[in-house]
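# Understanding the architecture of this molecule
Listed below are the residues making up each chain.
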Amino acid sequence: MTAEKLICQLSCVEERYIDEAAPDWGMARVSGRRMLAIVLAAALALLLVSCGVVAAIYGDNIQNWFSYYWEAVTGHEMGEGQTAVIDHLTQEIGISQTVDGITVTVDSATVGDDNFFLLLRVEGAEFSRRHSYGFDEVHMAVEPDPMAGGGLAGYGFQFHGIDGDGAALFLMDWAYTAETGYRADIQPLEVTLNLTDFGQNMNTKPRKVIGEGEWHFAFTIDRSQPPQVLEIPDTEVIMTNLKTLEDVPVMMTDIQLTNTGLRLCYDYTGGMFALSAEIDVILKSGISVHISGGGGSPLADGNTLSCSYQWMVPIDLEEVAGLQIGYTYIPVDTDSQLKPLIRKN
């Protein structure tokens, strides 16, 4: 099923599903600044769950989930290059805990240089595709704290249906923007994840608690295999001034395209700006890959906004033709600019 067909099915969604599919977002605030969370993936998750698309066997790891997700959105199978990129960025975690008959497994992670994705599987109950599932509370902390010098970090938690083995699947995503701007860092991250009270339709009434208690996890995210980074020349982009509602040219600087996202900076003095359209990466096949989330943090100079966005699925940079930022298309020359991906040993 293509993305267009999924969107056409939006009319089949009842209002109660919209409430049930609303993602849970955690946000860490530092130096009184805010991170703007753009939860675009939630709409697709809602469509997949409510329209009965999430009924296939995903397999048993995050690579299989991304492959299925990609085909559901684009109508095309994932290419070998993209599969290799996701394999490169993925690591197994495989830790489980059982509380009140409900087993939660932190299965695997796909790791970028300023973000990561986690796949969680929940077993121990008979789940129905007619309902959504989740936890009453979700808390995640990361050490060393990349926000220690100022900036913001946030994480999302979304239910993504039931796999062929009857397990409920959840995808977490974590990302940050630093007040000092992006700096490469490959030291490992120590993650703690705490979940409280699992149940059905937890964001709506009536809700049903299936497993009562707390699940605690501690694990390490290895960042020694970073994604590729492609630097893009400074480019003028049309943005909307939120004070005057006028579309004006704004110079984007420090543009970095990676397998997992996009970073850029711009001067936001004189009025808060917003991109006039979605941010997309355009592949040579013609497929557009949207961002699933992102945010911006003011730098210490008080004039520059440093932004970081994440793709809905990690991409193969060798297949990139260009970027669509607002109304502006930026061609990308991967043949001359892209450094080879450092493969795992």
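Residues numbered from 1 in each chain as written. Predicted model: local features only at pLDDT ≥ 70, side-chain atom pairs only at ≥ 80, totals over all residues. Heavy atoms only, no water.

### A word on the side chain of Thr 328
- The topology assignment puts Thr 328 in strand β19 (residues 328-331).
- The residues contacting Thr 328, other than those within four sequence positions of it, are Thr 235, Glu 236, Val 237, Ile 238 and Leu 323. (Helix = DSSP H or I, 4+ residues; strand = E, 2+ residues; numbered from the N terminus. Contact = heavy atoms within 4.5 Å.)

### As for the environment of Thr 269
- For Thr 269, the position within the fold is in the loop between β13 (261-267) and β14 (273-275).
- Judged by its relative accessible area of 38%, Thr 269 is partly exposed.
- Residues Thr 269 and Gly 302 lie 33 residues apart in sequence; the distance between their C-alpha atoms is 8.3 Å. (Buried < 20%, exposed > 50% of the residue type's maximum accessible area, 1.4 Å probe, protein only.)

### Here's the deal with the nonpolar core
- Counting residues in each nonpolar core, the largest one holds 44 residues, and the members touching the most others are Leu 257, Leu 262, Tyr 266, Val 289, Trp 311 and Leu 323.
- For this core, the element with the highest residue contribution is helix α4 (residues 62-74), accounting for 8 residues.
- Core analysis: the next-biggest nonpolar cluster, separate from the first, contains 37 residues, Val 138, Ala 153, Phe 219 and Ile 221 among them. (Core = buried A, V, L, I, M, F, W, Y, C linked by side-chain atoms within 4.5 Å.)

### Quick notes on the sheet that holds strand β8 (residues 189-200)
- Strand order in the open sheet made by the 3 strands is β5-β8-β9, with antiparallel pairing throughout. Lying at the two open borders of the sheet, with one neighbouring strand each, are β5 (133-143) and β9 (208-221). On average, each strand axis in the sheet is tilted by 10° relative to the strand beside it, whichever way the strands run.
- Both β5 and β8 contribute to a ladder of 10 bridges, which runs antiparallel. In the strand pairing of β8, Glu 137 is matched with Thr 196. (Pairing = 2+ DSSP bridges. Axes fitted to C-alpha atoms, helices over the stretch in contact; angles between N-to-C directions.)

### Quick notes on the pairing of strand β3 (residues 102-111)
- Here β3 lies mainly inside the structure; 10 of its 10 residues are buried.
- Pairing geometry for strand β2 (residues 90-99) and β3, over 8 bridges, is antiparallel. Opposite Ile 95, over in β3, you have Val 106 as the bridge partner.
- Counting the residues that bridge the hairpin from β2 to β3 gives 2 residues, and of these Asp 100 lies at a positive phi of roughly 55°.
- In this structure, β3 lies alongside strand β4 (residues 115-123), joined through 8 bridges in antiparallel fashion. Residue pairing across strands places Thr 105 opposite Arg 121, the latter belonging to β4.

### Brief notes about unusual backbone geometry
- Each neighbour pair has its own omega, and for Glu 143 with Pro 144 the value is -5°, a cis peptide bond.
- Along the chain, Pro 144 falls in the loop between β5 and β6 (151-162).
- Positioned with a positive phi, Asp 100 is a non-glycine residue whose angle comes to about 55°.
- Relative to the elements of secondary structure, Asp 100 occurs in the loop between β2 and β3.
- Within the chain, Leu 245 stands out as a residue other than glycine whose phi angle is a positive 60°.
- Its location among the elements puts Leu 245 in the loop between β11 (235-241) and β12 (247-258).

### Structural notes on the packing of aromatic side chains
- A complete count under the given rule lists 16 aromatic pairs for this structure.
- Taking the centre distance of 5.9 Å and the plane angle of 80° together, the rings of Phe 127 and Phe 198 count as edge-to-face. In this pair, Phe 127 is assigned in the loop between β4 and β5 and Phe 198 in strand β8, connecting sequence segments 71 residues apart. The two residues Phe 127 and Phe 198 agree in class, both being buried.
- Feature note: the residues Phe 127, Tyr 133, Phe 135, Phe 157, Phe 159, Phe 170, Phe 198 and Trp 215 constitute an aromatic cluster, connected by ring pairs. (Phe/Tyr/Trp six-rings, centres within 6.5 Å; stacked < 30°, edge-to-face > 60°.)

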